[in-house]
Amino acid sequence: MSKTLFITGANRGIGLALTRAYLSDGWQVMATCRDPESANELTALIEEFDKLEIFALDVTDYDAVADLSNELGDADFDLFINNAGYYGPKGYGFGETDVDEWRKVFEINTIAPLKLAEAFYPQLKSSQGLIANMSSKMGSMEDNGSGGSYIYRSSKAALNSVTKSLSLDGLVDGVNAVALHPGWVQTDMGGPNALITPLESATGLKYVLDNFSEEQNGGFFDPKGNSIPW
Ligand SMILES: NC(=O)c1ccc[n+]([C@@H]2O[C@H](COP(=O)([O-])OP(=O)(O)OC[C@H]3O[C@@H](n4cnc5c(N)ncnc54)[C@H](OP(=O)(O)O)[C@@H]3O)[C@@H](O)[C@H]2O)c1
């Protein structure tokens with residue numbers, strides 16, 4: 001029987017590349033995005049892969065999250081990728097922090113991934129699945145050599161903290177959790193000057209996840225499998 005991936009933010013960028021990578025490897029993929037009707041690249045994959053199912057989901061709409069979890073009640077998730085993310089404002093400095101944007105970034109990058117893990121825990125527990133939270137090196141304290149980016153950095157640092165607790169709380173059920181850094185990737189978020197393509201990032205991350213072992217539970221990894229300092 002094929003394995004099942006559940007992923008958020010699958011309509012573009014790294015989420016779309018991961019969706020394609022897992023489908024190409026024969027996985028069943030439950031791909032979610034805010035607006036399937038405008039997700040042309042994602043919906044086009046249905047022509048190629050019969051194991052793709054697409055669901056509408058805004059990750060911050062927790063009633064919709066609960067409804068989808070009920071709808072997928074009997075499913076087993078081998079892998080759950082909290083990929084959807086939002087950078088928030090760029091180019092602002094100390095003294096210019098937009099509090100509403102900070103709240104929005106936290107809602108998407110930090111609060112929603114935990115609420116999704118809670119809502120879909122039954123599907124993870126039944127298959128002793130792995131939760132992969134798409135973090136960023138920008139959330140690393142040790143890697144922060146340039147300051148700034150208060151909003152995005154703090155949201156991913158907090159996501160790392162969420163990931164660590166999930167990795168310990170899930171142990172009793174055999175559910176593991178890791179944080180991932182996808183590299184600096186050529187997407188709408190990463191911009192055109194980024195160092196790697198979504199395909200390169202997804203290929204590396206999939207290799208890391210395919211070779212995940214329990215000693216890596218609660219770790220933070222890049223697409224080459226390198227451990228990233230907190
Ligand atoms: N690109 C990089 O260099 C880089 C580096 C480090 C970490 N990351 C992380 O990698 C992940 C993917 O980034 P990306 O570069 O692929 O970004 P992207 O191209 O900007 O795509 C962001 C994705 O998140 C979705 N999203 C945003 N808010 C959402 C919400 N409320 N509900 C559901 N989906 C929502 C977007 O959906 P819509 O199309 O509906 O907006 C889109 O699918 C993010 O978590 C990001 O922080 C990226």
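Up top is the structure.
Residues numbered from 1 in each chain as written. Predicted model: local features only at pLDDT ≥ 70, side-chain atom pairs only at ≥ 80, totals over all residues. Heavy atoms only, no water.

**Things to note about helix 3 (residues 62-71)**
- Buried residues of helix 3: Val65, Leu68 and Ser69, and no others. Looking straight down helix 3, one finds its buried side chains confined to an arc of 100°; they lie on one side. Exposed and oriented more than 90 degrees from the buried face of helix 3 are Asp63, Asp67, Asn70 and Glu71.
- Buried-residue contacts for helix 3 involve strand 1 (4-7), strand 2 (28-33), strand 3 (52-56), helix 4 (99-119) and helix 5 (121-125). (Buried < 20%, exposed > 50% of the residue type's maximum accessible area, 1.4 Å probe, protein only. Helix = DSSP H or I, 4+ residues; strand = E, 2+ residues; numbered from the N terminus. Arc of directions from axis to C-beta. Contact = heavy atoms within 4.5 Å.)

**Regarding the packing of helix 1 (residues 13-24) against helix 2 (residues 40-48)**
- Remark: helix 1 packs on helix 2, axes separated minimally by 11 Å, with the N-to-C direction vectors making an angle of 10°. By the angle between their axes, helix 1 is roughly parallel relative to helix 2. Facing Leu16, Thr19, Arg20 and Leu23 of helix 1, the residues of helix 2 in contact are Glu41, Leu42, Leu45 and Glu48. (Axes fitted to C-alpha atoms, helices over the stretch in contact; angles between N-to-C directions. Parallel < 35°, antiparallel > 145°, perpendicular 65-115°, else oblique.)

**Regarding unusual backbone geometry**
- At Gln128, a residue that is not glycine, the phi angle is positive and equals roughly 50°.
- As for its placement among the helices and strands, Gln128 is situated in the loop between helix 5 and strand 5 (130-134).
- Residue Gln128 is classed as exposed on the basis of its relative accessible area of 54%.

**Overview of the site of the ligand**
- Inspection of the region around the ligand gives 26 residues, with Asn11, Arg12, Arg34, Tyr152 and Thr187 positioned closest.
- In the model, an oxygen atom of the ligand is placed 2.6 Å from a nitrogen or oxygen of the Asn11 side chain.
- Backbone polar atom of Gly85 to an oxygen atom of the ligand: 3.3 Å apart, as the coordinates give it.
- Contributing elements (two or more residues each) for the shell around the ligand: helix 1 and helix 6 (150-169).
- Residues belonging to the shell around the ligand are distributed by class as follows: eleven nonpolar, ten polar and five charged. (Near = heavy atom within 4 Å. Polar contact = N/O pair within 3.5 Å; in protein donor to acceptor, adjacent residues only side chain to side chain. Nonpolar A, V, L, I, M, F, W, Y, C, P; charged D, E, K, R; others polar.)

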